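Understanding the architecture of this molecule
Listed below are the residues making up each chain.
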Amino acid sequence: MSNLHVQALHVHPVKSVAGTAPDEVAVEPWGLSGDRRWALVDAWGTVITQRQQPRLALAAARPAAGGAIALSAPGMPELFVEVPGPGPLEPVLLFGKKVETAVAAGTAADWFSAYLGVPVRLVHLDDPAVRRPVDPEYALPGETVSLADAYPLLLTTLASLDALNALIAGGDHPAEGPLPMDRFRPNVVVAGAGAWAEDGWRRIAIGDAEFRGVRECGRCVVTTTDQRTAQRGKEPLKTLAAHRRIGKSLAFGRHLVPVRLGTVRVGDEVRVLE
C-alpha cells in the first residue's frame, strides 16, 4: 500500500442524509455511483438540506438494487423507495437554479414529512448527464454533477483534519473538538498526505480513475452540526474563519471532477499528477 492512499469512501444517496462507506465504488462522470441522486424539497419546490433541517443528519439512506434506496430514521419504520418510473419531470430549485427531477412515490413524502414535522417530498435526479452542469467558472464543456452542492466529488485528508482539530483545541471552543470527519461529508478520505497538501492537487489518479482538482471547498453551517445528535455548535467555522479563509471561502477539502472513469477502492494508491 502506498503511503498516500484512500482511507475511506463515502456515498450519500440522499442529499444531506447519512449514507454508506463502501469498500469500492464506480466513478461516473457526475460523481461516485449512487451519490446524491435523491433530495428533499419543501412545499415551494426548493431543495432542503441540513442547513434548514439538522435532523436530517440522523436519517440514513442505504443504496439498493436498480438505484432504489432503503431509508431509516429514529422512531421511523424502514422504508424502501423505488426509482420513479417514466413520467413528467418537475423543476426544483437548488441554490436558485432549476433542476428537472422525478418525484418519488407519495409514501416517501409521507415518511419524511412525518419524521421532520413539515411537508416535504423526495425527488430523484433521473439523468445527471443532461440535468445539471458543473459551475461554468471551473467546468469544462459537458461536465455535469449530481444533486451535490456544486461539484462531483469532495476529497478530504486525515492530516488536514488533525491540523484543524489542533487549531480548535487552541481556540475559543476547545470543548467542541476534536471533530470527526463526518462533519465534512466527503466522498474520498485520503491518508498519508501532509496537512493541507490537497490545496495544491490539480490532477490526481486513484485506482484506474483520474480527477481534476478544481478548487477548495467552502464550508457552511452544516459542518457545525453533530452528525450523531443533530446539535449545532460554533466549530469548525470559527476556526476556519481565523485560519483557513481562501478568498470568500472557509476552506476544508478539495472539489474533484472526474476526467477518466473507473473504480476506486479503500486502500488504493493516490497519485498526484500535477
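Quick note: structure is the one above.
Summary of the structure given here. (Residues numbered from 1 in each chain as written. Predicted model: local features only at pLDDT ≥ 70, side-chain atom pairs only at ≥ 80, totals over all residues. Heavy atoms only, no water.)

Applying the stated rule across the entire model yields 5 aromatic pairs. Through successive ring pairs, a cluster of aromatic residues spans Trp 111, Phe 112 and Tyr 115. Positioned above the aromatic ring of Tyr 115 is the side chain of Arg 55, whose terminal nitrogen or guanidinium carbon lies 4.1 Å from the ring centre. Positioned above the aromatic ring of Trp 196, the side-chain terminus of Arg 244 is 4.0 Å from the ring centre. (Phe/Tyr/Trp six-rings, centres within 6.5 Å; stacked < 30°, edge-to-face > 60°. Lys NZ or Arg CZ within 6 Å of the ring centre and 35° of its normal.)

On to the nonpolar core. Grouped together as the largest cluster of nonpolar side chains are 21 residues, with contacts concentrated most on Val 14, Leu 40, Leu 71, Val 81, Phe 112 and Leu 122. Of all elements in the fold, only strand S4 (38-41), strand S7 (69-73), strand S8 (76-81) and helix H1 (106-116) reach the threshold of two or more residues within this core. Excluding anything up to four places from it in sequence, Phe 112 contacts Val 17, Leu 40, Leu 56, Leu 71, Val 120 and Leu 122. (Core = buried A, V, L, I, M, F, W, Y, C linked by side-chain atoms within 4.5 Å. Buried < 20%, exposed > 50% of the residue type's maximum accessible area, 1.4 Å probe, protein only. Helix = DSSP H or I, 4+ residues; strand = E, 2+ residues; numbered from the N terminus. Contact = heavy atoms within 4.5 Å.)

Across the sheet, 3 strands lie side by side as S6-S7-S8; this open sheet has antiparallel pairing. Looking at the sheet topology across the chains shown, the edges are occupied by strand S6 (60-63) and S8. If you compare each strand with its neighbour and ignore which way they point, the axes differ by 20 degrees on average. Sheet topology note: the S6/S7 ladder contains 4 bridges and is antiparallel. Bridge pairing in S7 links Arg 62 to Ala 70. Sheet strands in contact with H1 are S7 and S8, and its direction is about 150 degrees off that of S8. (Pairing = 2+ DSSP bridges. Axes fitted to C-alpha atoms, helices over the stretch in contact; angles between N-to-C directions.)

Spatial ordering of the open sheet is given by S5-S4-S11-S10-S9, a layout of 5 strands whose pairing is antiparallel. What marks the edges here is a single partner per strand, and that holds for strand S5 (47-48) and strand S9 (90-94). By the bridge criterion, 2 bridges tie strand S10 (residues 97-103) to strand S11 (residues 121-124) in an arrangement that is antiparallel. Bridge assignment links Ala 102 to a residue of S11, and that residue is His 124. With respect to the sheet, H1 is in contact with S4, S5 and S11, its orientation differing from that of S11 by roughly 130 degrees.

Reported here for the largest pocket is a volume of approximately 920 Å³. Phe 95, Ala 148, Asp 149, Ala 150 and Tyr 151 are the residues nearest the centre of the largest pocket, which is lined by 38 residues in total. Among the secondary structure elements, those contributing two or more residues to the lining of the largest pocket are S10, strand S12 (153-157), strand S15 (209-218) and strand S17 (249-260). A per-element tally of the lining of the largest pocket places S15 first, with 4 residues. Tallied by class, the residues present in the lining of the largest pocket amount to 17 nonpolar, 7 polar and 14 charged. Roughly 270 Å³ of volume is contained in the second largest pocket. Along the wall of the second largest pocket there are 14 residues; nearest its centre are His 10, His 12, Gly 19, Asp 182 and Gln 227. (1 Å grid on protein atoms, 1.4 Å probe; cavity = no way out; pocket = protein on both sides within 12 Å on 5 of 7 lines; lining within 4 Å. Points joined across faces, edges and corners; volume = space filled by probe spheres on them. Nonpolar A, V, L, I, M, F, W, Y, C, P; charged D, E, K, R; others polar.)

The end-to-end C-alpha separation of helix H3 (residues 158-169) is 16 Å, in line with the 16 Å expected for 12 residues at 1.5 Å each. Within H3, burial applies to Ser 160, Leu 161, Ala 163, Leu 164, Asn 165 and Ile 168. Against S12, helix H4 (237-243) and S17 lie the buried residues of H3. (Expected span 1.5 Å × (residues − 1).)

On their own, these measurements won't tell you what the molecule is for.
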